[in-house]
Amino acid sequence: MSGKRTKLHSIEANYIYAKVLLALNKFEEFSKLSIPVRNSLIDSICEEIIEAANNSASDIEALKFEINSYKLSDEEKSVFYNSSRYNENVKKPANFNDLLEEKYSRLIEKIVTEKLKL
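On a predicted model such as this, the values are computed, not experimentally measured, just so you know. (Residues numbered from 1 in each chain as written. Predicted model: local features only at pLDDT ≥ 70, side-chain atom pairs only at ≥ 80, totals over all residues. Heavy atoms only, no water.)

Caption draft 1: Quick look at the packing of helix α1 (residues 7-24) against helix α3 (residues 35-53). As a packed pair, α1 and α3 sit with axes 10 Å apart at the nearest point and diverge in direction by 120°. Judged on the interaxial angle alone, α3 and α1 are oblique. The way α1 lies across α3 gives a crossing that is right-handed. Where α1 abuts α3, its residues Ile-16, Tyr-17, Val-20, Leu-21 and Leu-24 lie against Leu-41, Ile-42, Asp-43, Ile-45, Cys-46, Ile-49 and Ile-50. (Axes fitted to C-alpha atoms, helices over the stretch in contact; angles between N-to-C directions. Helix = DSSP H or I, 4+ residues; strand = E, 2+ residues; numbered from the N terminus. Parallel < 35°, antiparallel > 145°, perpendicular 65-115°, else oblique. Left-handed = near helix turned anticlockwise from the far one by under 90°. Contact = heavy atoms within 4.5 Å.)

Caption draft 2: Local environment of the packing of aromatic side chains. Going through the model one piece at a time under the given rule, you end up with four aromatic pairs. Plain terms: the ring middles of Tyr-15 and Tyr-104 are 6.4 Å apart, the flat faces sit at 40° to each other, and that makes the pair tilted. Placement of Tyr-15 in helix α1 and of Tyr-104 in helix α6 (residues 96-116) is noted, with a sequence separation of 89 residues between them. Under the relative-accessibility criterion, Tyr-15 is labelled buried at 12%. When the centroid spacing of 6.3 Å and the interplanar angle of 55° are considered together, the rings of Phe-65 and Tyr-81 count as tilted. Of the two residues, Phe-65 is situated in helix α4 (residues 57-68) and Tyr-81 in the loop between α5 (74-80) and β2 (86-87); the sequence distance between them amounts to 16 residues. Aromatic rings pair up to connect Phe-65, Phe-80, Tyr-81 and Tyr-86 into one cluster. (Phe/Tyr/Trp six-rings, centres within 6.5 Å; stacked < 30°, edge-to-face > 60°. Buried < 20%, exposed > 50% of the residue type's maximum accessible area, 1.4 Å probe, protein only.)

Caption draft 3: Molecular detail of the nonpolar core. Val-20, Leu-24, Ile-45, Ile-49, Tyr-104 and Val-112 are the most contacted members of the largest nonpolar core, which totals 25 residues. Elements supplying a minimum of two residues to this core: α1, α3, α4 and α6. The leading source of residues in this core is α6, at eight residues. Those residues in contact with Val-20 that sit more than four places away from it in its chain are Ile-42, Ile-45, Cys-46, Ile-49, Ile-108 and Val-112. (Core = buried A, V, L, I, M, F, W, Y, C linked by side-chain atoms within 4.5 Å.)

If you want it as structure tokens, here you go:
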């Protein structure tokens, strides 16, 4: 990775993941899938959204890492979240959630709907 991941990447990835999950839960088809299939679908949709909404390769890489970080062991997390690779001391802008809503809300709804059309 070319730059450090930041607390803002974590917040942004958590926002995307939560909104995708909320959007998917509106569809009965999603509830019928097995848990591994659901998890895989969530991950792939999140990654597609990240790629579509971001131009910076560094941001795409950081956000994808954050989306998939739940798969890391505790030991791996301690390596990838140490201060040489992760900056926790970035202040969240006051309107950050509004910016995320503007950047992602329509895209999330569009991609989730496309993926669950039968």
